[in-house]
Amino acid sequence: MSMTDRHLDPGALFHNSQQWTDMERWHREVESIRRDTPVLAVSDDLHEPFWVLTRHEDVFNVSRDHANWTNTTRSVLAPDSVYDEIAANGVVPRSLVHLDGHDHVAHRHVTTDWFKPAAVGARQPRIDEIADHFIARMRELDGECDFAVDIAQPYTLRVIMDIYGVPESDEPMMMELTQGVFGSNDPEFLGDDTDPTEHTLRSVMTFIQYFNEITEDRRACPASDLATVIANGQVDGCPMGDAERLWYYIIVATAGHDTTSFALSGGLQALLENPDQWESLRDADDTAIARATDEIIRWTTPVRHFMRYATNDTIIRDTKVPAGGRVLLSYPSANRDENVFADPMRFDVTRDDSDKLLSFGIGAHYCLGAQFARRELRAFLRRLLDQIDLIESAGPPEWAASHFVSGVKHLPIRYRFH
Ligand code: HEM
């Protein structure tokens, strides 16, 4: 898309998957939208009209205002025809990000014990073990690999599948399904299908079958894993509904994997482009690594948006959003807001404002897995910094074409261990 096209349809920057394959240009173009049209009206043939919120303050306020804004079953932007087709196939999304109010709180409560800081902290030794395993894999690859495909994806998948209690032999299938749900607009993730909606549907159907079997198994033979908690989860004293249970599995499996993987591959890509910052982290203590990790998550912002629907007529800045109207929360834009972050277009692992990041959202739907994501990234970064002698780019990185969860999908690197 040229600059001229962009001025004709700035909304495409947010809903057209191809726009997400060049993030430097994306951020450059969105910078002026954030400055001049912070509440951007979008209307086209594919979507009912919506407004895009690009400023940190607006994304923050709407995310926390649960009286006036809801998520609904359409909390991810897709052409209306896609939702109609999905509904015609009997699929109505009912995961945590699609639930509101008491329903949402009660369902979230089923697993919160697993995601509390102390519980996640207790799993650190296992996360470390998995990180060691993938550092060993890097050594085996003998100095050259596609870091995104060979390391970041399988590492982050293994951590989440380990919590679930899903056997390693099922990991390749889970990888394909996750990419089918999140990245189906990218031709690379379409498998044998030609139509993205068909591919998403097929992935959802396979997930359903797989997790139905898991449910039966964990009800018959409970284990000390997350799958057992979901299989036997109670809401208001009754077993969780079938649809809610299946979507619970799907959200944790998908949200827990591609997101963190894109943060890791994109983070390394940013460090390779800024070798001084890589060097500055070599002797860094845990606090500095934690700060660098937050900067990586701010910089990469792998979740590109969620939608919110107005329950009442509302005014944002000077724009009236009528009851039933909807807004797109642009997390990558909010994370580059010059009113909040000093020199926001600079990747800076020492910045002291990276904790204001909105990559995990905020409010009742705040990312359940934020603690896991941070610990996974810190563990891996620490090991790379301690053990790698030399690391450099071995080819151009490539970004996934998806307007929902995306990031660096290929990162060829060359490296040498001590
Ligand atoms: C860098 C990695 C990650 C990013 C950027 C990320 C981002 C997000 C965002 C933006 C939301 C919606 C927040 C909102 O609406 O306010 C969310 C929700 C969620 N995330 Fe994450 N996430 C990451 C990793 C994970 C991991 C590792 C897991 C699981 C272990 C996970 C599980 C979830 C779940 C279950 C929800 C739904 C929460 C709810 O609606 O109550 N995420 N995440």
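Everything here concerns the structure above.
Note on numbering: residues in each chain are counted from 1, in written sequence order. Local features in this predicted model are restricted to residues of pLDDT 70 or higher, and side-chain atom pairs are both shown and tallied only at a pLDDT of 80 or more, whereas totals for entire chains, interfaces and linings draw on every residue. Water and hydrogen atoms were dropped before computing side-chain values, which therefore reflect all heavy atoms in the structure.

### Overview of the site of the ligand
Here's step 1: By convention in these notes, a residue is near a molecule or strand provided one of its non-hydrogen atoms lies within 4 Å of it. Inspection of the region around the ligand gives 27 residues, with His 104, Arg 108, Arg 308, His 365 and Cys 367 positioned closest.
Here's step 2: Definition of a polar contact: a pair of N or O atoms within 3.5 Å, with one able to donate and the other able to accept a hydrogen when the atoms are protein atoms, and with sequence-neighbouring residues admitted only if both atoms are side-chain atoms. His 365 is positioned such that a nitrogen or oxygen atom in its side chain is 2.7 Å from an oxygen atom of the ligand.
Here's step 3: Counting residues per element, the ones that place at least two in the shell around the ligand are helix 6 (101-109), helix 14 (242-255), helix 15 (258-273) and strand 7 (305-310).
Here's step 4: Classification used: nonpolar for Ala, Val, Leu, Ile, Met, Phe, Trp, Tyr, Cys and Pro, charged for Asp, Glu, Lys and Arg, polar for all others including Gly. Along the lines of polarity and charge, the residues of the shell around the ligand split into 17 nonpolar, eight polar and two charged. Secondary structure elements are defined from DSSP: runs of H or I of at least 4 residues count as helices, runs of E of at least 2 residues count as strands, and each element is numbered from the N terminus.

### Description of the coordination of the iron atom of the ligand
Here's step 1: You will see that the iron atom of the ligand has only one donor from the protein, Cys 367 (SG), lying 2.2 Å away.
Here's step 2: Within the secondary structure, Cys 367 sits in the loop between helix 18 (331-334) and helix 19 (370-387). Listed donors are limited to N, O and S atoms within 2.8 Å of the metal, widened to 3.2 Å for Na, K and Ca; water is not among them, so incomplete-looking sites are possible.

### A short note on the pairing of strand 10 (residues 326-330)
Two faces belong to every sheet, and in a regular strand the side chains alternate between them.
Here's step 1: Most of strand 10 is tucked away: five of the five residues are buried.
Here's step 2: Every second residue of strand 10 is oriented toward a common face, with Arg 326, Leu 328 and Ser 330 on one face and Val 327 and Leu 329 on the other, all of them buried.
Here's step 3: Taken together, the three bridges between strand 2 (residues 50-53) and strand 10 define a ladder with parallel strand orientation. The residue of strand 10 that forms the bridge with Leu 53 is Leu 329. With a 1.4 Å probe rolled over the protein chains alone, any residue whose accessible area is under 20% of its type maximum counts as buried; one over 50% counts as exposed, and the rest are partly exposed. Note: two strands are recorded as paired if DSSP finds a minimum of 2 bridges between them.

### Digging into the side chain of His 305
Here's step 1: Residue placement: His 305 occurs in strand 7.
Here's step 2: For His 305, the side chain forms a polar contact with the main-chain nitrogen of Leu 77, separated by 2.8 Å.
Here's step 3: There is a polar contact of 3.0 Å between the side chain of His 305 and the backbone oxygen of His 403.
Here's step 4: Working rule for contacts: check all heavy atoms of both residues, and any pair within 4.5 Å makes them a contact. In this view, His 305 contacts Val 76, Leu 77, Leu 328, Leu 329, Tyr 331, His 403 and Phe 404; residues no more than four positions away in its chain are not counted.

### What to know about the layout of surface pockets
Here's step 1: In this analysis, the protein atoms alone were mapped onto a 1 Å grid. Cavities are point sets where a 1.4 Å probe fits without being able to get out; pockets are open sets with protein on both sides within 12 Å along at least five of seven lines; lining residues have an atom within 4 Å of a point. Grid points are joined across faces, edges and corners, and a volume is the space filled by probe spheres set on the points. Counted as a void, the second largest pocket has a volume near 490 Å³.
Here's step 2: If you trace the second largest pocket, you find 24 residues lining it, with Met 23, Glu 24, Trp 299, Arg 336 and Trp 399 closest to the centre.
Here's step 3: Of all the secondary structure elements, the ones that give two or more residues to the lining of the second largest pocket are helix 3 (23-36), helix 15 and helix 17 (286-300).
Here's step 4: Looking at the lining of the second largest pocket residue by residue, the class counts come to nine nonpolar, seven polar and eight charged.

### Let's talk about unusual backbone geometry
Here's step 1: Of note in this structure, Asp 236 is not a glycine but carries a positive phi near 50°.
Here's step 2: Secondary-structure assignment places Asp 236 in the loop between strand 5 (234-235) and strand 6 (238-239).
Here's step 3: Asp 236 sits in the exposed class, given a relative accessible area of 55%.
Here's step 4: With a phi close to 50°, Arg 317 is a non-glycine residue in the positive phi region.

### What about helix 3?
Here's step 1: Here the expected span of a helix is defined as 1.5 Å times the quantity of residues minus one. If you check helix 3, its first and last C-alpha atoms are 20 Å apart, about what 14 residues at 1.5 Å a residue would give, namely 20 Å.
Here's step 2: Listed as buried for helix 3 are Met 23, Arg 25, Trp 26, His 27, Glu 29, Val 30, Ser 32, Ile 33 and Arg 34.

### A look at the environment of Ile 230
Here's step 1: Mapped onto the fold, Ile 230 is located in helix 13 (residues 226-231).
Here's step 2: In this structure, the C-alpha to C-alpha distance between Ile 230 and Tyr 248, residues 18 residues apart in sequence, is 7.3 Å.
Here's step 3: Those residues in contact with Ile 230 that sit more than four places away from it in its chain are Thr 111, Tyr 164, Met 240, Arg 245, Tyr 248 and Tyr 249.

### Details of the nonpolar core
Here's step 1: To qualify as a nonpolar core, a set must consist of buried Ala, Val, Leu, Ile, Met, Phe, Trp, Tyr and Cys residues joined through side-chain atoms within 4.5 Å. Among the nonpolar cores identified, the biggest contains 109 residues, and Met 138, Phe 147, Tyr 155, Tyr 164, Phe 380 and Ile 413 are the most heavily contacted of them.
Here's step 2: For this core, the element with the highest residue contribution is helix 10 (residues 147-164), accounting for 11 residues.
Here's step 3: Setting aside anything within four residues of it in sequence, one finds Met 138 in contact with Gly 143, Phe 147, Ile 151, Phe 380, Leu 384, Ile 388, Ile 413, Tyr 415 and Phe 417.
Here's step 4: The next biggest cluster of nonpolar side chains, apart from the first, holds 15 residues, and it includes Trp 20, Val 30, Val 42 and Val 52.

### Points about the packing of aromatic side chains
Here's step 1: Working definition: a ring pair exists when centres of Phe, Tyr or Trp rings (six-membered ring for Trp) sit within 6.5 Å. Plane angles under 30 degrees give stacked, over 60 give edge-to-face, the rest tilted. Within this structure, the stated rule accounts for 15 aromatic pairs.
Here's step 2: Geometrically, the ring pair formed by Phe 14 and Trp 26 is edge-to-face, given 5.7 Å between the ring centres and 75° between the ring planes. Separated by 12 residues along the polypeptide, Phe 14 in helix 2 (residues 12-15) and Trp 26 in helix 3 bring together distant segments of the chain. Summarising the burial analysis for this pair, Phe 14 and Trp 26 share the class buried.
Here's step 3: Judged by centre distance (6.3 Å) and plane angle (40°), the ring pair of Tyr 164 and Tyr 249 falls under tilted. Of the two residues, Tyr 164 sits in helix 10 while Tyr 249 sits in helix 14, which places them 85 residues apart along the sequence. An identical accessibility class is assigned to Tyr 164 and Tyr 249; each is buried.
Here's step 4: Taken together, Tyr 164, Phe 207, Tyr 210, Phe 211 and Tyr 249 form an aromatic cluster joined through their ring pairs.
Here's step 5: For a Lys NZ or an Arg CZ to count as sitting over a ring, it must be within 6 Å of the ring centre and within 35 degrees of the ring normal. Seen from the ring of Phe 417, Arg 139 lies directly overhead, with NZ or CZ sitting 4.1 Å from the centre.
Here's step 6: The ring of Trp 299 carries the charged tip of Arg 336 above its face, separated from the ring centre by 3.7 Å.

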